[in-house]
Amino acid sequence: MIPVGLLVLLAVKVFLVGSQTSEQATNPPSSTGEQPPLADGNLSFPWSRLRLPRYIVPLHYHLLLHPNLTTLRFTGSVQIQIDVHNNTNWVVLHSKGLQISKATILDPDLAHVSDQVLPVLHNPSHEQIGIFSPRVLSSGQKYFLYIEFEAELADGFYGFYKSTYRTSEGEIRNLASTHFEPTSARMAFPCFDEPSFKANFSVRIRRSPEYISLSNMPVIKTTPLSGELFEDQFAPSVTMSTYLVAFIVCDFKSVSATTSSGVKVSIYAAPEKWKQTHYALEVAVKMLDFYEEYFNIRYPLPKQDLIAIPDFQVGAMENWGLTTYRETSLLYEPLTSSISDKLWVTMVIGHELAHQWFGNLVTMDWWNDIWLNEGFARYMEYISVEATYPDLQVEEYQLHTCFAAFGLDSLNSSRPISSPAESTTQIEEMFDTVSYDKGACVLHMLRHFLTEEVFQGGTVRYLRKYSYGNANNQDLWDSLSNTCSEDDFTSGKHCYSSDQASKNAYLFAGEHLNLTAMMNTWTLQKGIPLVTVSRKGPRLLLRQNRFLRTVLPSDPQWAAVQQGFLWHIPLTYKTDTSNTIHRHLMTSPTDSIHIGEEVSWVKVNSDMTGYYVVHYADDGWDVIVKLLRENHTALSYKDRTHLIHNAFQLVTAGHLKLTKALELIGYVQLEKHTVPLLEGLGYLQFFYHMTERMDEPLLTMNLGKYILQFFGAVIDQQTWSDSGTVSERRLRSEVLSLACHLEYPPCLERANQLFKDWLHSNGTLNLPTDVAETVFAVGAQDEHGWTSLLNTYKISLSDAQKDKILSALTSSKSKDKLHRLLAMGLEGNVIRSQDLSHLILMISRNARGHHLAWNFVKKNWDTLVEKFQLGSFCIRNIIMGTTGKFSSPEELTDVQQFFETIKEQASQLRATQLALDNVHKNIRWVQRNLESLRIWVNEQMK
């Protein structure tokens, strides 16, 4: 054996042998005398960067885990086959919160490279460990790194964590589940936890006989062990990133079916919720069949499990072959789930199964391009649901994905789709509206520009070329630009060379299109373009600027924030003289198009397929208002919705008067389509809630009266049932909810009667699902109703019903009750911690809970960060949600002062700057428009 003292001497001499000249070069420690976070004698941590060195690559993990659901701890071991690219004495990889008891390295013949257990150094700030080998690991050789470890099953929602559910008899049962994306596989086992370090995984899990275990692949062997334990051995996985590994130990039940290509699909849920799994099974089978055909690539695994986890922070996770879901995202109970719940389940399954190709088969190189995963999956939700469940009318929701992106992207503190992300907090923050919604909208624009055939063909080439590998933005543009034949592709040719230009180029207007140059303007710069349109005789004059809602054209800083922004905009437009949708690529700050003298109106951005805002200068909006009043069906429902949205966004940005936008929606009384009707109603409803929060009782009352008067006919037409199309049912839910909130007597009478009937039936009466939330909200306004709903919430086995009840409970006008709900959410028993962020948002929407929710966040900030992690979706939602409606200078000062008290954390979060920008925007809106709104409402009430 070699004494420890000798190891230290060896370390000085053979610290690191060999180097790389790349950016990730293996460099010795700094000679400044600074010590890394941990050292062992003179043995210092060998790596100072957040990303791992590239000189060692993992090939295959052999992972053994034994979670004990009684002690809530797990033990494990991992043997990683590694390929050494440079001579070195160090293996650096990720580990977080694991107690490592043993580390050894074996040579290719499985002989130990050292007689000693190897020293393991930790760098907690980078979540890395370094393992020192006294014998040089030689370039070109393969070795086996063996590590034993243990840890507690994590609290929270990351890593290998514990979850519980309560049976109808009140028994609490435990399970262990995983969630690794983006950087939490390292909490479950030591690994090279970066997306480009793809490897194969062979997993074994030990469990008690009352449980089952699941992982990415099927069980191929179960072995009884001593102590009443069983060991499940899973088939080796395909090559994949660590964040996609998953394993679960639980006592769930399942239902299964097989796709047309022979893939076994299973849906797992807690035993008493097993009956709620059947719809998800139908959807998953249909979706897998659809995607195999659409991508023309077989799903590569023999099975696909979908499992509803009781404690789950996000909506779902795409682990290859074992997708995990919130119960509300997977379970469907026809008696209590509304049509919106059904659509949500369908879309989430469509999203996660799209990831089996976009994300799992082809993975982004690094987290800066996570949009390649999430933007595609979000967009494929719409394509897949439209193809498999056309009756759900999913296309009616797609506009709102882009509206959501506009909302964030029109703030100065937005970011490009592809943005630098290094720390775990920065990486977490990449999972945002920009990656998902803007990513999806840019893809939608590109698909319509290139045509469906070219877009689909290019995505298939992308998936085939980079299968089981990693890719970046440029790889996607190259795949969409070329039109290789199948023979070219299979022979390994890239098909991007200049001599193939005639074959590869997508031709637009007779010219070669530089797709990379075009798409870089959408992915590498932040923001959204504003196209200002004006008429000059037969020509349409165009000007593009950056669209901002935080800086007005009259502001001194306007020119500075516009500097350097230019997009290649694929414009579309329609006129009254033709049914043709015309196309034009705008690549300069100003441009013009010949449309002819005879054209009386033009609508730019047809069906809102483009990601840009349009402003009609001069008398352009007057022409639009006249068209909508006289012949609104000359435009599609998407065009009408787009015009309403554009007009009110232009008001906020200072380009249009509020009265003009309000004049525009005057036509909505003629509107028969749900989407534009709800868009117009939505802005009036927004103003109502804004004045309600601002304590403007007279304006609030008059605005409420106007809404009831203006939409009275639509309200009175609604039935309290679940009949009609998806669109009609959605309208019913929205309109009756608002009517009751505005205390419309017929609405309150009907809701109160239904609630009494429901109470008297002891909850056995099944309310119409589309109006259940409205009925519960009306019932929750008195003491007995609120208490009865809370008791039902505690025992309900339907998470869809629980969601509706929780929403109703948060609508209470009693601050004491709202305080009580927040306390229950923080405590985490009656209201699960996973629902706390949503609970805070719902209370913040209540005029009486507006400041209460914000004060709760300030008081419990440290606890919230501990529960959800700093950069997480939940923390961003809490920050943006609780401050989102603030509109006074006093509120802005309060927010600024709080962010100052958490300065170190706030500086790491983009969400804090977005929140401040948003409050500034709200203050400006009130200063510029509140009086105009008051005057307009008074005129309407005469």
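J.: What am I meant to see in the overall build of the protein here?
T.: The helix and strand tally for the protein stands at 33 helices and 32 strands. In summary, the protein has a C-alpha radius of gyration of 29 Å against a globular reference of 30 Å for 942 residues, a match within 12%. The principal-axis extents of the C-alpha atoms in the protein amount to approximately 95 × 75 × 60 Å. Considering only residue pairs separated by 6 or more positions, the protein has 71% of its internal contacts joining residues 24 or more positions apart. Of the roughly 36,000 Å² of accessible surface on the protein, 50% is carried by carbon and sulfur atoms. Between the averaged position of the 82 positive side-chain charges in the protein and that of its 100 negative side-chain charges there is a distance of 2 Å.

J.: Can you help me understand the state of the cysteines in this one?
T.: When the sulfur atoms of two cysteines share a covalent bond, that bond is a disulfide. Taken as a whole and judged by the stated rule, the model has 2 disulfides. The disulfide partner of Cys740 is Cys747, and the S-S distance across this bridge is 2.1 Å. Here Cys740 and Cys747 share a disulfide; its torsion about the S-S bond, -100°, makes the bridge left-handed. No difference in accessibility class separates Cys740 from Cys747, as the two residues are buried.

J.: When you look at the pairing of strand β9 (residues 142–152) in this model, what are you seeing that I'm missing?
T.: Examined bridge by bridge, strand β4 (residues 73–84) and β9 share 11 bridges and lie antiparallel to one another. Within β9, the residue paired with Phe74 across the bridge is Ala151. Relative to β9, strand β6 (residues 99–106) runs antiparallel, the two being bridged by 7 bridges. Bridge pairing links Leu106 to Phe144 in β9.

J.: Explain the nonpolar core to me, please; I cannot follow it from the model alone.
T.: Generally speaking, a soluble globular protein has its nonpolar side chains buried in company with each other. Phe189, Phe192, Phe247, Ile349, Val604, Trp861 and Phe899 are the most contacted members of the largest nonpolar core, which has 310 residues in total. With residues near it in sequence (within four places) discarded, Phe192 still touches Leu52, Ile56, Pro58, Tyr61, Ile80, Ile82, Val91, Val92, Leu93, His94, Phe197 and Thr242.

J.: Even after reading the chapter, I still don't get the sheet that holds β4, so can you show me in this structure?
T.: Where strands meet in a sheet, backbone hydrogen bonds hold them as pairs that are either parallel or antiparallel. With mixed pairing, the 7 strands of this open sheet are ordered in space as β6-β9-β4-β3-β12-β15-β14. Single-partner strands in this sheet number two, and they are β6 and β14 (219–225). With strand direction ignored, the average angle separating the axes of adjacent strands in the sheet is 15°.

J.: Where do I start with the confidence of the model for the protein in this structure?
T.: Predicted coordinates in areas of low pLDDT are best not read in detail. The pLDDT averaged across the protein works out to 92; a share of 92% of its residues lies at or above 70. The low-confidence segment residues 1–37 (pLDDT under 50) makes 65 contacts with residues lying over four places distant or belonging to another chain. Within the model, pLDDT remains below 50 along residues 488–511, and this stretch shows 39 contacts once partners closer than five positions in the same chain are excluded.

J.: Please clarify how the sheet that holds strand β20 (residues 316–317) should be interpreted in this entry.
T.: Taken together, 5 strands build an open sheet; the order of strands is β17-β18-β19-β21-β20 and the sheet is mixed. Either end of the sheet is taken by a strand with one partner, and the two such strands are β17 (253–258) and β20. Sheet strands in contact with helix α4 (residues 339–355) are β19 (303–309), β20 and β21 (322–326), and its direction is about 150° off that of β21.

J.: How do you make sense of helix α30 (residues 873–883) when you look at a structure like this?
T.: Since one α-helical turn is 3.6 residues long, residues separated by three or four positions face the same way. Residues of α30 that are buried include every one of Cys874, Ile875, Arg876, Ile878, Ile879, Thr882 and Thr883, and no others. If you follow the buried residues of α30, they end up packed against α7 (424–429), α27 (836–845), α28 (850–859), α29 (861–868), α31 (889–901) and α33 (910–940).

J.: Help me out: how do you make sense of the packing of helix α16 (residues 637–652) against helix α18 (residues 674–693) in this one?
T.: Each pair of packed helices gets described by two things: the angle between the helix axes and the distance between those axes. Where α16 meets α18, the axes come as close as 7 Å, and the angle between the chain directions of the two elements is 20°. Relative to α18, α16 is oriented roughly parallel. In contact with Tyr637, Arg640, Thr641, Ile644, His645, Phe648 and Gln649 of α16, α18 contributes Val675, Pro676, Glu679, Gly680, Tyr683 and Phe687. Looking at the contact of α16 with α18 residue by residue, the class counts come to 7 nonpolar, 4 polar and 2 charged.

J.: Explanation requested: the pairing of strand β12 (residues 200–207) in the structure shown.
T.: Residues in a regular strand point their side chains to alternate faces of the sheet. As paired elements, strand β3 (residues 56–68) and β12 share 6 bridges and run parallel to each other. Paired with Leu65 across the bridge in β12 is Ile205. Pairing between β12 and strand β15 (residues 229–234): 4 bridges, direction antiparallel. Bridging from a neighbouring strand, Arg206 pairs with Glu231 of β15.

J.: How should I be thinking about the packing of aromatic side chains in this particular structure?
T.: Applying the stated criterion to the full structure yields 50 aromatic pairs. Ring pairing ties together the aromatic residues Phe290, Tyr291, Tyr294, Phe295, Tyr299, Trp357, Phe358, Phe376, Tyr379, Phe455, Tyr462 and Tyr466, which thus form one cluster. The ring of Trp274 carries Lys253 above its face, with NZ or CZ at 4.7 Å from the centroid. One cation-aromatic arrangement involves Lys286 over Tyr389; the distance from NZ or CZ to the ring centre is 4.3 Å.

J.: What is the right way to look at the pattern of salt bridges in this model?
T.: Between side chains of opposite charge, a pair can form when the charged atoms approach closely. As enumerated under the stated definition, the model contains 40 salt bridges in all. Note that Asp107 and Arg135 form a salt bridge whose closest N and O atoms lie 4.0 Å from each other. You can see Asp107 sitting in the loop between β6 and β7 (120–123) and its partner Arg135 sitting in strand β8 (residues 128–137), a full 28 residues away along the chain. Each of Lys96, Glu127, Arg186 and Asp193 takes part in salt bridges that share partners, so that together they form one network.

J.: Would you take a moment to explain empty space enclosed by the protein for this structure?
T.: Empty space among the atoms can be located by rolling a probe the size of a water molecule over them. Applying the stated rule across the entire model yields 2 cavities of 30 Å³ or more. Roughly 70 Å³ of volume is contained in the largest cavity. Listing elements by their share of the lining of the largest cavity, those giving two or more residues are α8 (433–450), β28 (569–575) and β29 (582–586). Broken down by class, the residue content of the lining of the largest cavity amounts to 5 nonpolar, 5 polar and 1 charged. By volume, the second largest cavity is sized at about 30 Å³. Taken together, Leu681, Ile707, Phe711, Ile715, Val735 and Leu738 make up the full set of residues lining the second largest cavity.

The rules behind the values
- Residues numbered from 1 in each chain as written.
- Predicted model: local features only at pLDDT ≥ 70, side-chain atom pairs only at ≥ 80, totals over all residues.
- Heavy atoms only, no water.
- Helix = DSSP H or I, 4+ residues; strand = E, 2+ residues; numbered from the N terminus.
- Rg over C-alpha atoms; globule rule 2.2 N^0.38 Å.
- Contact = heavy atoms within 4.5 Å.
- Areas by Shrake-Rupley, 256 points an atom, 1.4 Å probe, with all protein chains shown as cover.
- Lys, Arg positive; Asp, Glu negative; His and termini not counted.
- Charge placed at Lys NZ, Arg CZ, Asp CG, Glu CD.
- Disulfide = S-S within 2.5 Å.
- Buried < 20%, exposed > 50% of the residue type's maximum accessible area, 1.4 Å probe, protein only.
- Pairing = 2+ DSSP bridges.
- Core = buried A, V, L, I, M, F, W, Y, C linked by side-chain atoms within 4.5 Å.
- Axes fitted to C-alpha atoms, helices over the stretch in contact; angles between N-to-C directions.
- pLDDT = per-residue confidence, 0-100.
- Parallel < 35°, antiparallel > 145°, perpendicular 65-115°, else oblique.
- Nonpolar A, V, L, I, M, F, W, Y, C, P; charged D, E, K, R; others polar.
- Phe/Tyr/Trp six-rings, centres within 6.5 Å; stacked < 30°, edge-to-face > 60°.
- Lys NZ or Arg CZ within 6 Å of the ring centre and 35° of its normal.
- Salt bridge = Lys/Arg side-chain N within 4 Å of Asp/Glu carboxyl O.
- 1 Å grid on protein atoms, 1.4 Å probe; cavity = no way out; pocket = protein on both sides within 12 Å on 5 of 7 lines; lining within 4 Å.
- Points joined across faces, edges and corners; volume = space filled by probe spheres on them.

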